[in-house]
Amino acid sequence: MSSAVDEDTARAINTGRETIGALLSSVQTHLQKIFIVFVLGFVGAFYALRVWIWAFLEETAKSEMSRNVAEATDIITRTPFEVILLQAKIGMLVGIVVTIPAVLYYSRDALHRRGFQSAVPISKLHVAGLAATSFGLFWIGVFYAYAIFFPFAFDFLAAVAYEAGVDPSWGITEFTEFIALLTLSFGLAAQMPLFMGVLSYTEIVPYETFRNKWRHAAVAITVFGAMFSPPDPFTLIMWALPLFALYVFSLGLSKVVTNVRRRGAAELDTGTGLMKQRLLQFTGVVIVTAIAAVAFVNQGGFAFVSESVYPQLPAQLQPADGNIGLWPLVAEYGLLGELAVGAIAAAALGFLILVGYTLKVLQSPIYPREDDIRSADTTEDVDFETLEAEDIEDVPATVFLEMDEEEALEYSRKAMYDDNRDKAKAILNRFDGLQKQRREAADDGAGSDAGATGGTGAGAAAAESGEEGENVVSSTAAGMLDAFTEEETTEDDIGGYAYDLAFIFNSLTSKMFYIVGVFMAVLGGTFVALYQGGFGIILTQFVERVPDEALAEVTEKSEAEIAAAESTQEMVDILNEAGLVIALHPVEVLIFMVKVSTILAVISVLPLIMYWGWPAARERGLVRGDPRVFLVWGGAIFAGFGIGLFIGFYWIAPAVISYLITDAVTNGMEVSYRINSFSWLVIYTTIGVGFLFNIIVTMALFHVGGIVSYRTMLDRWRPVVVGIFTAAAFFSPKGILTMLLVAIPIALTYVFGLAVLYVLTGGGRFFGGGRGGAPDPEANAAGE
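Residues numbered from 1 in each chain as written. Predicted model: local features only at pLDDT ≥ 70, side-chain atom pairs only at ≥ 80, totals over all residues. Heavy atoms only, no water.

### What about the packing of helix 2 (residues 31–62) against helix 4 (residues 82–106)?
(1) Moving on: Put simply, helix 2 and helix 4 touch, their axes get as near as 7 Å, and they point 145° apart. Helix-helix and strand crossings are classified by hand; for helix 2 and helix 4 the assignment is right-handed.
(2) Moving on: For the contact of helix 2 with helix 4, the class distribution of residues is 20 nonpolar, five polar and two charged. (Axes fitted to C-alpha atoms, helices over the stretch in contact; angles between N-to-C directions. Helix = DSSP H or I, 4+ residues; strand = E, 2+ residues; numbered from the N terminus. Left-handed = near helix turned anticlockwise from the far one by under 90°. Nonpolar A, V, L, I, M, F, W, Y, C, P; charged D, E, K, R; others polar.)

### Some details on the nonpolar core
As a rule of thumb, soluble globular proteins bury nonpolar side chains together.
(1) Moving on: Ranked by size, the top nonpolar core spans 88 residues in total, and within it F150, F154, V166, F535, V589 and M593 carry the most contacts.
(2) Moving on: For this core, the element with the highest residue contribution is helix 6 (residues 124–163), accounting for 14 residues.
(3) Moving on: Apart from the residues lying within four places of it in its own chain, the contact partners of F150 are T60, A145, I179, L182 and T183.
(4) Moving on: Ranked by size, the runner-up nonpolar core spans twelve residues in total, among them M192, M196, F210 and L251. (Core = buried A, V, L, I, M, F, W, Y, C linked by side-chain atoms within 4.5 Å. Buried < 20%, exposed > 50% of the residue type's maximum accessible area, 1.4 Å probe, protein only. Contact = heavy atoms within 4.5 Å.)

### Details of the pattern of salt bridges
(1) Moving on: Within the structure shown, the criterion is met by five salt bridges.
(2) Moving on: Among the salt bridges present, the one from E58 reaches K62, with a minimum N-O distance of 3.2 Å. With E58 and K62 both in helix 2, this residue pair falls four residues apart, about one helical turn.
(3) Moving on: Residue E58 is classed as partly exposed on the basis of its relative accessible area, which comes to 31%.
(4) Moving on: Residue classification places K62 among the partly exposed positions, given a relative accessible area of 23%.
(5) Moving on: A cluster of three or more residues bridged by salt bridges with shared partners is formed by R78, E82 and E174. (Salt bridge = Lys/Arg side-chain N within 4 Å of Asp/Glu carboxyl O.)

### Some details on a nonpolar patch on the surface
(1) Moving on: Taken together, the side chains of I643, F646, I647, Y650, W651, I652, V656, Y659, L660 and F693 present a nonpolar region at the surface, about 940 Å² in accessible area.
(2) Moving on: Ranked by the residues each element gives to the nonpolar patch, the list is headed by helix 29 (residues 629–666), at nine residues.
(3) Moving on: For I652, the position within the fold is in helix 29. (Patch = residues over 30% accessible without salt bridge, like charges linked within 9 Å, V, L, I, M, F, W, Y side chains within 5 Å. Areas by Shrake-Rupley, 256 points an atom, 1.4 Å probe, with all protein chains shown as cover.)

### A look at helix 15 (residues 335–363)
(1) Moving on: Its 29 residues give helix 15 an end-to-end C-alpha distance of 42 Å, which sits within 8% of 42 Å, the value for a rise of 1.5 Å per residue.
(2) Moving on: G337, E338, V341, G342, A346, G350, T358 and V361 are the residues of helix 15 that are buried. (Expected span 1.5 Å × (residues − 1).)

### Some details on helix 8 (residues 192–201)
(1) Moving on: By the criterion of burial, helix 8 is predominantly enclosed, with seven of the ten residues buried.
(2) Moving on: Burial in helix 8 covers these residues: M192, P193, L194, M196, G197, L199 and S200.
(3) Moving on: Following helix 8 by one or two positions, E203 has its phi on the positive side, about 65°.

### Examining the confidence of the model for the protein
(1) Moving on: A residue-level look at the protein finds 72% of positions with pLDDT of 70 or above and a mean pLDDT of 74.
(2) Moving on: Averaged over each element, pLDDT in the protein is lowest for helix 34 (residues 777–783) (42) and highest for strand 1 (residues 74–76) (89).
(3) Moving on: Under a pLDDT of 50 for its full length, residues 1–5 has, in the predicted model, eight contacts with residues more than four places off or in other chains.
(4) Moving on: Counting interchain partners and residues more than four positions distant, the pLDDT-below-50 stretch residues 450–495 has 25 contacts. (pLDDT = per-residue confidence, 0-100.)

Next up, the structure:
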């Protein structure tokens, strides 16, 4: 039996295990010191949370909110020990994080003995500089999160919930985890320049990899942002754009350090001497700008601009109050405000300089690696513009033999334009020498014979490789199962189901534009409708059935004021005051909107997928019947959901929800339904009614269209019922009772559908599943 883990993987696992063992063994002798570091981090984080961090987080979240939204937003606890346990968890996490540098420091000798050592000499001063840089970058990312991202993101999320009639009562655990996760992600993302720069300088990951994979980086940043940010375009853009800009800047930095590494520090144009000079020039410009800005403000510059400059501008460009945006900072804080204005001006100019320098660096050539020069095959693999005179000898002979005389002269001219005579002479000498050798070899005849023999062998190898490559997919798919069998597995052993699915999927590629278009249209339209107030309309429709005296008990409004509320906004204000529906997580409302939109979008494209994929599935022998029934089925599904929504929206759901609210209020209970549970109750009592109706419609149409006959449905009723309960256990909210409330109605509807088909088909004797009402082939076969 072949092993499921190959030899290289097993060796890597053993090496990692041995490294961890050596690390822990070395740490054991310094365990007391490491434990002290852990305790300091734990205790410091624990008491910092108690003293000022909780208040700081809440103030940050509400800093950009309007007064009404801020008053409605609360941070709540649900269990007596929730806060103290959360503080302990965060304290332990901080303790572990601050312990990691100590562990690495005390285990450095053991790691060096195991070969974990940089190929580039790194002094303690360099290590300290890297650590300080990493620390500074981390706090720059955190500053962006708390100064820009969090205030606007929380304002947006709270406003969405408030305008929908949902009380943003965020749980302390959900709120803190959300902030902690984003804070950590921003801090780690800010390490990108240092991370890419170090990897490029040490050639662990070459600059060319970062440059060539920029599209993959953009996708990774977007996916990373989608995982750590709320599911809406606004916050995703606030997340992704700064990170992608940071990636571009890191790419420029990687190019600079790569050229320094490859050319050497002695080179004048990219050496460390010039780099230090450029850094000093940049620092000087930034400091002079800051001093000039402070002097400008101190000498009445704002007043001059407000009185003399602004009146000369068009009216649409003049500020409303006639003052520059930074003037309130100076007016409120005096000298500190002036220094802040100077720092802001310096930072803005420095940012523009860095952007310009980054663009310039990215447009300049990159010096190739020595191995890349020696392994080049064609002129396209070599950038002669970046080479020096001594590098010309390292270029393989095949590159010069591929050139013609005009190309060699062109490379030589470019070197002369750069005032590099030695390089121009080296190119021509290498070209002339190799061409001379070729002519001599051609005269002797030895070179041509050797080339013909080598070409024949290469052609045979290519032909053999091509023959083997024809079945590479089949052999790979079958080989994946060798680890689970005693003998080799072939394509026939697999059964061909993977190829059937691939064949069906390929048949849908020509229709994918329409499928994706319908999916996105329904998804986007539903989300926008819910986001623009549709959710609030739905919520008020249900709560309007609650008796006024019950609502009066949970709000400060009288029964007369509640009865006089007519508009949706007035009812939303009542709901916000009552707090009947709450959101415990900052993004809970948006997540629910996305879920509902996705469900409706999937329902919309399912008939199209089945209709267009049916011919391919029938060609593979997987199905039978008339695919046109799916068009009718799609229309029937929308009609069924429309009827179910109408009945559920206006009668069933309001009656059920109003009864539950009234019952809780009359029994003296505080009513606060979580939006996730409340909204799924709404779905079950509206869309669920249409879903039950569509089960019967689907059974009837599938029988008439010859897709699944009545007798098949009757014979398979046990597996279907078991599948219904299994699906309900996975997709319904937690709890056995909820699972039964979902599964039992669906199972009973399926049984009722069988009864309807029994009546319509006369016990299965008439109106068989054949096309045009033909008898059921399975029934005929059974009769024979």
